[in-house]
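Examining the three-dimensional arrangement
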Amino acid sequence: MLLAAADAFPAFTAAQGYEISADYSQQLHEHVALRADASRFDIREQAYFLGNWRHWATDWAAPLLVIGNPPWVTNAYLSALGSSNQPTKANTQQQKGLDALTGKSNFDISEWMLLDMLTWLPGRDATLAMLVKTAVARKVLRHAWEKNLPVAGAAIYQIDAKQHFAAAVDACLLIVQFQVVPASNRKQCAVC
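Residues numbered from 1 in each chain as written. Predicted model: local features only at pLDDT ≥ 70, side-chain atom pairs only at ≥ 80, totals over all residues. Heavy atoms only, no water.

**Let's talk about the layout of surface pockets**
Within this model, the largest pocket holds a volume of roughly 1500 Å³. Every residue lining the largest pocket is counted, 48 residues in all, and those nearest its centre are Gln-16, Gly-17, Tyr-18, Ile-67 and Gly-68. Of all the secondary structure elements, the ones that give two or more residues to the lining of the largest pocket are helix H1 (2–8), strand S1 (15–19), helix H2 (22–33), strand S3 (64–68), helix H6 (109–120) and strand S4 (126–133). Partitioned by chemical class, the residues of the lining of the largest pocket number 34 nonpolar, 11 polar and three charged. (1 Å grid on protein atoms, 1.4 Å probe; cavity = no way out; pocket = protein on both sides within 12 Å on 5 of 7 lines; lining within 4 Å. Points joined across faces, edges and corners; volume = space filled by probe spheres on them. Helix = DSSP H or I, 4+ residues; strand = E, 2+ residues; numbered from the N terminus. Nonpolar A, V, L, I, M, F, W, Y, C, P; charged D, E, K, R; others polar.)

**Some details on the pattern of salt bridges**
According to the stated counting rule, one finds six salt bridges in the structure shown. With its nearest N and O atoms 2.7 Å apart, the salt bridge here joins Asp-7 to Arg-35. With Asp-7 in helix H1 and Arg-35 in the loop between H2 and strand S2 (41–45), this pair connects stretches of sequence that are 28 residues apart. In this structure, Glu-111 and Lys-139 form a salt bridge, with 3.7 Å as the shortest nitrogen-oxygen distance. Here Glu-111, found in helix H6, pairs with Lys-139, found in helix H7 (residues 134–146); they are 28 residues apart in sequence, far enough to count as distant. Judged by its relative accessible area of 5%, Glu-111 falls in the buried class. For Lys-139, a relative accessible area of 36% translates into the label partly exposed. Here the salt bridges share partners, and the residues they tie into one network are Asp-7, Arg-35, Asp-37 and Arg-40. (Salt bridge = Lys/Arg side-chain N within 4 Å of Asp/Glu carboxyl O. Buried < 20%, exposed > 50% of the residue type's maximum accessible area, 1.4 Å probe, protein only.)

**With respect to the packing of H6 against H7**
One way to put it is that H6 packs onto H7 with a least axis distance of 10 Å and a crossing angle of 30 degrees. The angle between H6 and H7 falls in the class roughly parallel. Two packed elements cross with a definite hand, and for H6 against H7 that hand is right-handed. Across from Ser-110, Glu-111, Leu-114, Leu-115 and Leu-118 in H6, the residues of H7 making contact are Val-136, Lys-139, Val-140, His-143 and Ala-144. (Axes fitted to C-alpha atoms, helices over the stretch in contact; angles between N-to-C directions. Parallel < 35°, antiparallel > 145°, perpendicular 65-115°, else oblique. Left-handed = near helix turned anticlockwise from the far one by under 90°. Contact = heavy atoms within 4.5 Å.)

**Points about the side chain of Arg-124**
Relative to the assigned elements, Arg-124 resides in the loop between H6 and S4. Buried within the structure, Arg-124 lacks any salt-bridge partner; Asp-59 is the closest side chain of opposite charge, at an N-O distance of 8.1 Å. Side-chain polar atoms of Arg-124 contact the backbone oxygen of Ala-57, separated by 2.5 Å. With sequence-adjacent residues up to four places away left out, Arg-124 is seen in contact with Ala-57, Thr-58, Trp-60, Ala-61, Leu-64, Phe-178, Gln-179 and Val-180. (Lys, Arg positive; Asp, Glu negative; His and termini not counted. Polar contact = N/O pair within 3.5 Å; in protein donor to acceptor, adjacent residues only side chain to side chain.)

**Observations regarding the packing of aromatic side chains**
Tallied over the entire structure, the rule returns 11 aromatic pairs. A centroid spacing of 4.8 Å and a plane angle of 75 degrees characterise the contact between Tyr-18 and Trp-53, whose relative ring orientation is edge-to-face. Of this pair, Tyr-18 sits in strand S1 while Trp-53 sits in helix H3 (residues 53–57), placing them 35 residues apart in sequence. Look at Tyr-18 and you get partly exposed, because its relative accessible area is 23%. Every member of this aromatic cluster is reached through a ring pair, and the members are Tyr-18, Tyr-48, Phe-49, Trp-53, Trp-56, Trp-60, Trp-112 and Trp-120. (Phe/Tyr/Trp six-rings, centres within 6.5 Å; stacked < 30°, edge-to-face > 60°.)

Quick look at the structure:
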């Protein structure tokens, strides 16, 4: 995704890539090394949950494009695998009683990541573009609107996940735009 975005948006002078997998990170380094604009890239092996994104984002020049394909798995699934690549457990959605202990607290990892991004993207000239389950996209937008975050625009582009990723899930490309001073707080989303 990073290389395609860099080609599609040549005006961006810096392109940073973060990847948890050492193998994928190495492959990306090798592809970047072959490019004439290799000096434009900064590739890091980094788990999202261990990053200081709020701090790092203060150094990133605007306009900012944050793109990605976060994990399409649930917190419970990663726990069952014994994975440490998951967020610190917290009742961030204020679930009560049994809901906090059972199914309603079994969230998608991508949902947690996007909700976290919504804490450091508003107030910046930034666009968030993520491949996610459509249900996650809806939850993230609902959260942004309920919290009156300064969303300047939003769109969901439906994709055929079965064809492109061999995944039997309703998926989309979620686009959320922020501006330093938005003209209005739009609570609408185009669906394409």
